[in-house]
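Per-entry structural report
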Amino acid sequence: MQKRSVIGYGHGHYRPYARMWDLWDTRASVKIAGGTYDAGKTYGLIAYMHAMAIKYPGSRMTFVHRSLNRVYRNIIPSYEKLLGYKPTSRDDPNPTRVTRFGGERPEFFEYETGTRIYMNGLDKPQNLLSDFFDAGFVNQAELVPFDAWDELTARVSERAGTMPIATLVGDCNPNVPHHWIRQQAKDKKLDYFRMSFLDNPEIIPDQKSDRLKAFKRAFENDPDPKLLNKIMDMFTVPGLRRVEKLKNLEGLRFKRGFLGLWASGEGLVFQKFEPETHIVDVTIMPNWKRYLSVDWGYRNPASVIWWARSPDDKLYAYKEIYKTGLIKPELIELIKDNCDHYDRITYAAVDSEDQEGVEQLQRAGFRVNEPVKNRIAQIQGIQDRLKVQRDGQPSLMFLRDRLVHPPDQDLRDEYRPVEVTDEFLSLSYNEKRKGTNKDDEDTVGDNHGVDGTSYLVQSLKKKQSVGSGRVVHGSVTMRR
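Predicted model only: the values in this text are computed from it and were never measured. Residues take numbers from 1 onward in each chain, read along the sequence in its written order. Residues qualify for local features only when their pLDDT is at least 70, as the model is predicted, and side-chain atom pairs are given and counted only at 80 or more; totals for whole chains, interfaces and linings, by contrast, use all residues. To get the side-chain values, all heavy atoms of the structure are used, and hydrogens and water are removed first.

1. Structural notes on the sheet that holds strand β11 (residues 289-295)
With respect to topology, seven strands assemble into an open sheet ordered β10-β16-β13-β12-β11-β14-β15, the strand pairing being mixed. At either margin of the open sheet sits one strand with a lone partner, and together these are β10 (279-280) and β15 (368-369). The criterion for strand pairing is that DSSP finds at least two bridges linking the strands in question. Put simply, DSSP marks the helices as runs of H or I at least four residues long and the strands as runs of E at least two long, and each gets a number from the N terminus on. Examined bridge by bridge, β10 and strand β16 (residues 396-399) share two bridges and lie parallel to one another. Along β16, the bridge assignment pairs Ile279 with Phe398.

This is how it looks when you write it as structure tokens:
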């Protein structure tokens, strides 16, 4: 039986279809629409908020973005498009049904019923985190840190007192594979609705067509751009142009924007890192040279990686510690416990600025190498080794299941990396670029294992003096 729309209202009488209808229809209190570019996610969720504003008089709601400026740039234009007018101020002689308070950058919009929708940015959280709301919409939720999202789920609460079920909704573009949105969805802590540009009524108006429904099922299993030729007659002229742009995306943008895959996103420092290429199953030969890379931590994770260097100069990470809450003596003891009789460590590459750590490693019997620190050179050194060589392999690879301990639960709870390869998939350049060389060293995200890796890569570029200490080997097997 055909489902009926939840509500029709506003300019153009927007009605949800397909997965957007499912999102509207569910009574889940936390839900996110994700998927390809141009799927109508933002517009559909703004419409959802508008529908709730009408349905529940006197409710308190909020539009949220990581940046307050982007609320005005990303959300408000679509909101005004939905309304069909620009809300007037309350003093206007011809007021609109929704009025704005606060000038050209309104603090909130108010409905005739008394419902208010407030504007909030996580860069200015004073109002957002000191109030309660019946409903909230987060634009580009993939850019929001998990702790901020977690706080929002507490602020969008029945304590606001109007809606029977307080509802937090968000839209997102696919991001890194281990993103907290995917993990929360997997743990059933939010409902995730995967959408496509094929679900957008502005691109294909006849969303009720059985032909379109059958095509969507087939296309989801085989998203070949050439298959779109079969339904060319269903596209609007502007919609066809929009889809052509998606088809012409390249690389990671194509994966994310056209296919809707959670692959490595734009702005990544290590764009060339691909799990399929750089995470491998290899037998480490006993005669290969062994090294350690060490980056100290306590509140942030300490990173220690065991490396093997093959005769053709390929580096393989084969054991790893990535753990918070360890003071230096505890970390060193854990290192020694996990060195077996093959781990005759040539030296440990460490941060030259932490002389206390250097001395403690030396007292524990490790030879130490202290490469000169240069952030840009460190990043470039890793980028060079990630490139696929003539033999079809990169010169920097990571064995599966390297951790010598269970994944750090505190990091997992915070949806932060739990091993170095997670960092490679998430470390990005600061988006506030200034056009200087500093841009190439200004990064955002966890980089503890990356820093340790860079110490070893830098140390191998040229012969350097190695500090005192003996070659260490133990007899304790890896712990799981």
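On we go from here.
2. Notes on the packing of aromatic side chains
What counts as a ring pair is set by centres within 6.5 Å for rings of Phe, Tyr and Trp (its six-membered ring), and what kind of pair is set by the plane angle: stacked under 30 degrees, edge-to-face over 60, tilted for all other angles. Scanning the entire structure with this criterion turns up 24 aromatic pairs. With 5.4 Å between their ring centres and 75 degrees between their planes, Phe63 and Tyr79 make a pair best called edge-to-face. With Phe63 in strand β2 (residues 60-65) and Tyr79 in helix α3 (residues 68-83), the pair connects residues that are 16 residues apart, well separated along the chain. Phe63 sits in the buried class, given a relative accessible area of 0%. Centroid distance Trp307 to Phe398: 5.7 Å. Interplanar angle 65 degrees. Geometry classified as edge-to-face. Taken together, the residues Trp307 in strand β12 (residues 302-309) and Phe398 in strand β16 connect sequence positions 91 residues apart. The buried label goes to any residue with under 20% of its type's maximum accessible area, the exposed label to any with over 50%, and the partly exposed label to all in between, with areas taken from a 1.4 Å probe on protein chains only. Under the relative-accessibility criterion, Phe398 is labelled buried at 0%. Counting every residue linked through ring pairs, the aromatic cluster contains Phe197, Phe215, Phe219, Phe254 and Phe258. Ring-over charges, as used throughout, are those where CZ of Arg or NZ of Lys falls within 6 Å of the ring centre and within 35 degrees of the ring normal. Above the ring of Phe132, the side-chain terminus of Arg155 is found at 4.8 Å from the ring centroid. One cation-aromatic arrangement involves Lys328 over Trp296; the distance from NZ or CZ to the ring centre is 5.3 Å.

3. Looking at the packing of helix α1 (residues 18-25) against helix α2 (residues 41-55)
The contact between α1 and α2 brings their axes to 11 Å, and the two run at 30 degrees. It follows from the interaxial angle that α1 and α2 lie roughly parallel. Seen along the crossing, α1 lies across α2 with a hand that is right-handed. Judged by residue contacts, Met20, Leu23 and Trp24 of α1 engage Lys41, Gly44, Leu45, Ala47, Tyr48 and Ala51 from α2. Here an axis means a line fitted to C-alpha atoms, over the contact stretch when the element is a helix, while the angle between two N-to-C directions is reported on a 0 to 180 degree scale. By the definition adopted for this analysis, an angle is roughly parallel if under 35 degrees, roughly antiparallel if over 145, roughly perpendicular if from 65 to 115, and oblique otherwise. In this scheme the handedness of a crossing depends on how the near helix is turned from the far one: anticlockwise by less than a right angle means left-handed, clockwise means right-handed. In what follows, residue pairs with any heavy atoms lying within 4.5 Å of each other are defined as contacts.

4. Description of the pattern of salt bridges
Oppositely charged side chains are able to pair whenever their charged atoms sit close together. Any Lys or Arg side-chain nitrogen found within 4 Å of a carboxyl oxygen on Asp or Glu counts as a salt bridge. In total, this model carries 32 salt bridges according to the counting rule given. Salt-bridge contacts for Glu104 lead to Arg100; the nearest nitrogen and oxygen are separated by 3.2 Å. On the basis of relative accessibility, which here comes to 58%, the residue Glu104 falls in the exposed class. Salt-bridge contacts for Lys216 lead to Asp199; the nearest nitrogen and oxygen are separated by 2.6 Å. Note that Lys216 is positioned in helix α6 (residues 210-221) and Asp199 in the loop between β9 (191-195) and α6, a separation of 17 residues in sequence.

5. Notes on unusual backbone geometry
The backbone phi angle of Ala18 is positive, close to 50 degrees, even though this residue is not glycine. Its location among the elements puts Ala18 in helix α1. Residue Ala18 is classed as partly exposed on the basis of its relative accessible area of 32%.

6. Overview of the pairing of β2
Burial analysis of β2 places five of its six residues in the buried class, the great majority of the element. Where β2 meets strand β6 (residues 116-121), six bridges bridge the pair, whose relative direction is parallel. For Val64, the partnering residue across the bridge sits in β6 and is Asn120. Summarising the sheet, β2 and strand β7 (residues 135-138) pair through four bridges and their orientation is parallel. In the strand pairing of β7, Phe63 is matched with Phe137.

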